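So the chains spell out like this:
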Amino acid sequence: MLAVLGRATLRTGAVKPRLLVRPVTQIPERSLVHQEGLPKLPVPPLKQTCEGYLAALEPIVSAEELDHTRQLVGEFLNGGVGERLQKGLERRARKTENWLSEWWMQSAYLDCRMPVAVYTSPGVVLPRMHFQDRQGQMRFAAKLIAGVLDFKKKIDSETLPVEYLSGKPLCMDQYYQILSSCRIPGPKRDTVVNYAIGKISSTHITVVHNFQFFVLDVYNSDGTPLTVDQLHMQLEKIWNSSLQTNKEPIGILTSQHRNTWGKAYNNLIKDKTNKESVRAIQKSIFTVCLDAPMPRVSDEKYQSRVAAQMLHGGGARWNSGNRWFDKTLQFIVGEDGTCGLVYEHAPAEGPPIVFLIDYVVKYMQRIEMVRSPMVPLAMPQKLRFNITPEVKRDIEKAKQNMNIMVHDLDVKVLMFSHFGKNVPKKHQLSPDAFVQMALQLAYYRMYDTCCSTYESASLRMFKYGRTDVIRVTTVDSLNFVQAMQDPAKQPSERVLLLQKATQTHKNNTYNAIHGQAVDRHLLGLKMLSIEDLTSMPEIFMDTSFAVAQHYNLSTSQVGSKTDCVMCFGPMVPDGYGVCYNPMEEHINVAITAFNSCEETNAARFAQAVEGALLDMRALLEDAAATAQQ
C-alpha cells in the first residue's frame, strides 16, 4: 500500500522495527544534556501521508465512500492546494522548534470545552494499600509527599536520568511541565501557567480535606525538604482543623464545562480573598487530596470503583469537591487505603507521570529514618473563600452536572491474570500489537464490524514532541478478525494472518514514533488552511474524514513497573476508552464507556477482550503443538 515513499523509506516490510520491542531505558546523566541536539519533528512527504490516509480508511468506510475520497485526495495532491499547504508547513517547521506542539496543545486541550474531569484527565490507580484509618492515611500521604519532593530535587538539579528509545535520547521537556503548573480557564480558550519557570519557585503544596484547602510549606527555612515525620505532623494539624464536613465544595467548580467554569472563575476571583486563595492553589507544586472513605464494594468491583473515583471523585456527596481538577498533578489518598492520582493532560502525556509514580513508589519502600529538626513548624494556612449567592449557585450547578457525569461513566477494570507479555514474546510477537489485535477481535465480535481505532504513539524522539496516532485498524487486522470468526478458516491460516496483522501494527508504530504517521500531518495542513483563511480543502469536509476522526476505540499502552492501572474516558459518546499495562505475567486493562449510549457496555467489552486474549493464546499454542508433531 505504501509502495513509493520517497527518501525516508518506510516501506512495509523494508523496515526493521525489531527495536520497538525494546523498552525505554534510562541512563544517568544530566537530563537536559541532549535537549538542544534533539532532531526537529519532520514534516512527512505529502504523497506518503495521502497514501497512508487512504490505507487507513480502507477497512472503515464503504467502497463508494473510499472511491469518492480517493478522488478528493487526488485533487488535493495534484491541484496545487496540497502542495501549497505542504510548503507552508515546511516553512513553519524551519522557523519553529516544533511545528506541531503549540497547535496540538491548543486543538487537543486548551480549545476543548468539555470538562477536564472524565473527558481529558487520566486517572491512575495504585495497588490497594494496607491501611484503613486516618493514621495510615496520614503516614502514607507524608511518605508520598517526601517521595515527590525527592523527585523534584532531581528535576531542579537536572539529574533526572535521560530516557532512551532504540539508543536515541528522548525529549525530557514534559518532566519540567508537571510540577508547579496549572490550567486556567478562559471564556473561550484556556491557558496553562507553569510557576516553576520564574524567579521565585513555589515552596508549598496544597492539601485538601473535607473540601477545605490548605497551603502546606514543604521546605524548612534552610531550604531542606520537611522530613516524613514533619510532614506527618503538619498533615495531622490540617486534618484536625478541617473536621467540619458542611463546607461548600469550592473545588467542584473545576469539574464544569470549560465555558461555564470560565464564567464562574471570573466571578469567583472578583473577590480579593478568593483570588488570593485560587492563586495559592495554582502556584502550588502539586495537590494532595485526603479523601473520605468510599462506600464499600465487593473485591471484584473494587478496582473498577477506585478507577472511577480517580477520574471523578465519586460525586458531590463523596469526593468530587475534594479536588482542583485544573491542577496538573493531584495525588489522592483515601482513608480506606485507596490511592492514586488524576492529572490534567495539557502539559504532559502518561509516560512521565508513570515514571514519577514508579520513582515515588520505590522511594516509599526504602524510607530511612531521618532525624527531624526540633524546630516548631507554623500551622499550615487555611485558604478562605467568600461564598456569595452567585458563587453558591455556580457550586450547586456544578454538583448537579458532576452527579450526571458520575452516573453516566461506566468503568470496568479487567485484571487479566492468565498471562502477560510472556506469551506473545514466546511466540515472537510484539506484546503491544498482540493486545491491540485482541481489542480489534473483541470489538468485531461484539459489533460485527471494525471501527476507527486510536493508539497514542510518543514523539519524544523529537524536540518538544508530544504524540501521534498509530491507526490500529488495518486491512490486515480486519482479515485476521474475520478469519477468527470464519469456521472455514484453518488454524494455520489464522496464525499467519495474526502474524501479518501484528507485523503491520509494528511497522505502523515504528513509522509513528519516527514522525511519519498520518494524523498530525493532516492536522497541520488543516490548521494552516484555517490560519491562511483560505477555503477549507474538500478532503477535510468529507464524510470519510469524519469517520476517520471518530474513534470508537481510543487506546493507550502505559507500561509501568508498579502494578498500577491508568484509565481515561472515551473520546466519543458511543466509544470506549481503553488503557492497558502489560506486565510480565498479567495485564491490567481499564475500560470506560458511557451509560447514556445503549450500544456500549464496559463490562461486556471487558469480557470480550478476555475471551479474545485467551482464544489468541490457544490459537498460537495449538499451532506450535501441531508444528512439533
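On a predicted model such as this, the values are computed, not experimentally measured, just so you know. (Residues numbered from 1 in each chain as written. Predicted model: local features only at pLDDT ≥ 70, side-chain atom pairs only at ≥ 80, totals over all residues. Heavy atoms only, no water.)

Now for the UniProt feature "active site" (unreviewed entry) in the protein. As annotated in UniProt, the feature "active site" (unreviewed entry) corresponds to His345 in the numbering used here. Take histidine 345: it is sitting in the loop between β11 (339–343) and α10 (350–365). Not counting residues up to four positions away in its chain, the partners in contact with histidine 345 are Tyr109, Thr120, Ser121, Pro122 and Arg466. (UniProt positions renumbered as here; feature names shortened; annotations may be inferred. Helix = DSSP H or I, 4+ residues; strand = E, 2+ residues; numbered from the N terminus. Contact = heavy atoms within 4.5 Å.)

Moving on to the sheet that holds strand β14 (residues 453–458). The sheet built from six strands is open, its strands ordered β13-β19-β18-β16-β14-β15 with mixed pairing. Only two strands of the sheet have a single neighbouring strand rather than two, namely β13 (409–416) and β15 (467–471). Taking each pair of neighbouring strands and ignoring which way they run, the sheet shows an average axis angle of 25°. Alignment of β13 against strand β19 (residues 587–594), held across eight bridges, turns out to be antiparallel. Across the sheet, the residue bridging to phenylalanine 416 is isoleucine 587, located in β19. Its contacts with the sheet place helix α16 (residues 519–531) against β14 and β15, and it is angled at close to 120° to β15. (Pairing = 2+ DSSP bridges. Axes fitted to C-alpha atoms, helices over the stretch in contact; angles between N-to-C directions.)

Okay, the domain arrangement of the protein next. How big an interface is tends to be stated in terms of accessible area lost as the parts join. Domain boundaries assigned for the protein yield domain 1 (67–95 + 417–628) and domain 2 (118–408). Distance from the C-alpha centre of domain 1 to the C-alpha centre of domain 2: 32 Å. Taken together, the contacts link 26 residues of domain 1 with 37 residues of domain 2. Buried area between domain 1 and domain 2, summed over both chains or domains, comes out near 2,400 Å², and the portion from carbon and sulfur atoms is 59%. The interface formed by domain 1 and domain 2 contains two salt bridges. The salt bridge partner of arginine 466 is glutamate 349, with a shortest N-O separation of 2.7 Å. Going through the elements one at a time, β17 (565–567) and β19 are the ones with two or more residues in the side of domain 1 that touches domain 2. Residue composition of the side of domain 1 that touches domain 2, by class: twelve nonpolar, nine polar and five charged. (Domains from an automatic or database assignment. Buried area = accessible area lost by both parts, 1.4 Å probe. Salt bridge = Lys/Arg side-chain N within 4 Å of Asp/Glu carboxyl O. Nonpolar A, V, L, I, M, F, W, Y, C, P; charged D, E, K, R; others polar.)

In the structure shown here, the tally under the stated rule is 21 aromatic pairs. For the pair phenylalanine 151 and tyrosine 175, a centre-to-centre distance of 6.3 Å together with 45° between the ring planes defines the contact as tilted. Here phenylalanine 151, found in helix α5 (residues 134–156), pairs with tyrosine 175, found in the loop between β4 (168–169) and β5 (181–184); they are 24 residues apart in sequence, far enough to count as distant. Considered together, phenylalanine 151 and tyrosine 175 belong to a single accessibility category, that of buried residues. Every member of this aromatic cluster is reached through a ring pair, and the members are Tyr53, Phe76, Phe540 and Phe545. (Phe/Tyr/Trp six-rings, centres within 6.5 Å; stacked < 30°, edge-to-face > 60°. Buried < 20%, exposed > 50% of the residue type's maximum accessible area, 1.4 Å probe, protein only.)

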